[in-house]
Structures are given as structure tokens and as C-alpha cells.
Amino acid sequence: MIRERIGQAALRAYPPAVRQARGLEMLGMLLDAGEQSNLALVRESGSLVLGGLRERRSLTARAGRRRLVADACCQAVIIFLMLWLVSALNTQQLLVQEVVLAGILACALIGYERIAALGGLAALIAFGPLGQHSQLVELARVLVPIACLLVMVRAPQRRPRDPRQLLWLLPVCAFAALHDHAYVGLPEVLAVMSAGGLLRLFHDPRLAIACSLVWTTLLLAAAGRPAPAGLGLLDVAAVAAGLLLTISAGPLWMMRHRTTP
Amino acid sequence: MELRPPSYFALAALIDGPLHGYAIARRARELSGGRVRLSTGTLYALLERALSESLVIAGEPYLQGGRQRRDYTLTPAGRALLADEAARLEHAAKAVSGRLRATSDAVLT
């Protein structure tokens, strides 16, 4: 029974479609091969995990590099919106702004990405530095979000609508409740997301690229602040953005050359 | 198209008739003299590729000893590819061993 559970856990590395088509058959072979010893079972389970990750990687590569970069921009928009909402909730700005941002984020999470992107652009004009008489440095920090929003309008992610994704609003609200000053906590949240992106890097570089786009924005935002307040964040953001971009460029480049496992 | 040893022996395992996954791994190990050990992840990646290139066909799943199995059969295209690869390896082996014999004779004399 335990052996079967180990096998089933290893099978989780495969995409759901493969699990559905061949999961039981693969589990059968794993149990056959792992009958000799515990070591054989561990070796077979490890091979299954690697096989599953390669399968996922191959599935991701089939989308093509342009689609992957567009998806990364769309994911960056969702992260931007999450951080913006946390920031709005913590700095207790206008209630209407919080409601509008929550609505836009909800649309993006469910899968109405084009509507969310248009809403995001409108919100930037209404509440962001675009709507005020801002200096150039203030405008520079919205360049990346605007670029990502435009990509999202033109090429939203191809995914089914899923209201369950609204559950992501819970950690956003919980985080906003835990931190009384948003600016202090945002890099930590982004660092957690970036760690997730790095863990997925072997089979899917999109989250890592999305995080690097958000880090770049934080870098631009910090650059506009007077030292020493922005200096620590500037350093962290610069290192993180550079590191993530460099690391995620590798798998993306390899996906161009090796589209089959 | 050249086949790597795991693919070559996995396809060769099916020459005598259809086999299920674990039986393919065992047969490939026998045929290769223990040099090729196909793990579950590797074998199914190979089978998936062979299926997409129509080198093998998959049968219907069935239960045996409480475990789900599915037999795989070599197609004529798979057999032809295997024959080409065997001929290529034979030619390469002959060329090299011929040269080795010739030079070892020369060294001895």
C-alpha cells in the first residue's frame, strides 16, 4: 500500500492528461520493477519524477517562445495587480480604488484577462502616476506594467476560465492584514514567488520571467526614491531581476532548440 | 535516423511479438547483455515518442495480477527502422574490426 502511494506521488510529476492516459499502466510497471528492493522502488520513483518533469517541459516547449514570453507578461500583470492591491489595502487609500483593483484582479484570476488588462490600464490612468502631474522617474516605474498590460490585451493566456483561482485573493488579503506598511513586505512576497518560479524553472520558465519583470519594476521604483530608503531595495531588486532573467533565459533558449524530449 | 541504445533495444524487444511495459524493460536488458536498463520514466518517454512516430502501436489496457497493462506491437515502419539501424551498426562494426585486425597483424609482423 505504501509502495503504491509512493508511486502515485511520483506520478504527480506528469501532466494530468498523461496521468489519465497511462498513469495506472506506469504505476503497474513501477510496482513490478520496484518489487526487488526498496532501493529499486526509490530509483524507479525518481526516474518517474524526472520523466514527468521532462514531459511537462516538452509540453511547455510546444507552446513556442513567443507564447511563453507573452504568458510570462500576463503572469507578471497578475503579480503586479496582487502587489498593487496589497499596497492599496495597507496604505488605506480610497475604498473605490481597492474595490476596483480587487475586481480587476478577480477578472484576471478567473481568466477574463483581456477585460482585466483594459481595466488595469484604466486604473493606471485613474489612480497611478499617469493620472497625475508626475515626474519622468515616476512614469518610468509604470513602463514595465504598461508593456505587460498591452501584451495581455493583445495575447492573453490560453487557459480555461476557472473561478477556483479566486482563492488566490485569500493570501493577498491575509498578507495585507498582516503588514501595516505595504512597501516593507512586497519584496518578501515577491521573493517567495520567485522561489516558486525557480523551482518550476526546469519545466516552465514563465513564472521566473514574470517575477524578473516585477523585480525590474521594483528596481525602477526604488531608483526614484532618495537614498538611503530606496538603496536596500534597489540592490535586492537589481540582483534578483538580473539573476532571474539570466537563469530563465537558459531554459527558454534550450526550449527553442530542443522541442522533443 | 539513428537510434540511441535505449530506443534500439526497446524496439528490438518487440521483434518477437507484443509485450507490456515491464516485459519490454526485461527483454531489452536481456538483449543488451545487461547494459541497457530501462526505468519506468525512460521507457514510457521512449514509447510515447515511438507511438507518435508510428513505430509501435498500443493495444487496449487489461488487468493482470491486479495491475493494469497494455501491450505494444512493432509496426512495419518500426521493423524497417530497426533493420536499417542493425545494418548500420553491423557495417560500422565490420569496418572498425576489419581495420583493427589489419593493423594488429601489421603490428605483430
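Looking only at helices and strands, chain B features 4 helices and 4 strands. Counting from the amino terminus, helix and strand elements in chain B follow one another as α-α-α-β-β-β-β-α. At 17 Å, chain B has a C-alpha radius of gyration far larger than the 13 Å of a compact globule built from 109 residues. With the C-alpha coordinates aligned to their principal axes, the bounding extent of chain B is approximately 65 × 25 × 20 Å. Considering only residue pairs separated by 6 or more positions, chain B has 46% of its internal contacts joining residues 24 or more positions apart.

Residue and element names in this part refer to chain A. The domain architecture assigned to chain A consists of domain 1 (2-61) and domain 2 (65-257). Between domain 1 and domain 2, the residue contacts involve 5 residues of the former and 5 residues of the latter. Classifying every residue of the side of domain 1 that touches domain 2 gives 2 nonpolar, 1 polar and 2 charged.

Taken together, the contact between chain B and chain A spans 14 residues of the former and 18 residues of the latter. Secondary-structure elements contributing two or more residues to the side of chain B that touches chain A are helix 2 (21-31), helix 3 (40-52) and strand 3 (67-69) of chain B. If one sorts the elements of the side of chain B that touches chain A by residue count, helix 3 of chain B sits on top with 5 residues. In the side of chain B that touches chain A, the residues fall into 5 nonpolar, 6 polar and 3 charged.

Residues and elements named next belong to chain A. Packing of helix 1 (residues 2-11) against helix 2 (residues 16-33) brings their axes to within 10 Å, and their N-to-C directions diverge by 140°. As judged from the angle between their axes, helix 1 and helix 2 are oblique. For the pair helix 1 and helix 2, the crossing hand works out as right-handed. Across from Arg-3, Glu-4, Gly-7, Gln-8 and Leu-11 in helix 1, the residues of helix 2 making contact are Arg-19, Gly-23, Met-26, Leu-27, Leu-30 and Leu-31. When its residues are assigned to classes, the contact of helix 1 with helix 2 shows 5 nonpolar, 3 polar and 3 charged.

Calculation notes
Counting of residues starts from 1 at the beginning of each chain's written sequence and follows it residue by residue. Written order determines the labels here, with chains lettered from A and ligands numbered from 1. Local features are withheld for residues below a pLDDT of 70 in this predicted model, meaning they are given only at 70 or higher, and side-chain atom pairs are given and counted only at 80 or more; totals for whole chains, interfaces and linings count all residues. Helix numbers and strand numbers start at the N terminus; a helix is a DSSP run of H or I with at least 4 residues, a strand a run of E with at least 2. Note that the radius of gyration is over C-alpha atoms, with the globule rule given as 2.2 Å times the number of residues to the power 0.38. Any residue pair is listed as a contact if its two C-beta atoms, each placed from the backbone, are within 7 Å. Where each domain starts and ends comes from a domain assignment, either automatic or drawn from a database. Under the scheme applied, nonpolar residues are Ala, Val, Leu, Ile, Met, Phe, Trp, Tyr, Cys and Pro; charged residues are Asp, Glu, Lys and Arg; polar residues are all the others, including Gly. For every element, the axis is a line fit to its C-alpha atoms; helices are fit only across the contacting stretch, and the angle between N-to-C directions ranges from 0 to 180 degrees. Oblique is the label for any angle not under 35 degrees, not over 145, and not in the 65 to 115 range, which are roughly parallel, roughly antiparallel and roughly perpendicular in turn. Crossing handedness: left-handed means the near helix sits turned counterclockwise from the far one by under a right angle, and right-handed means the same turn made clockwise.

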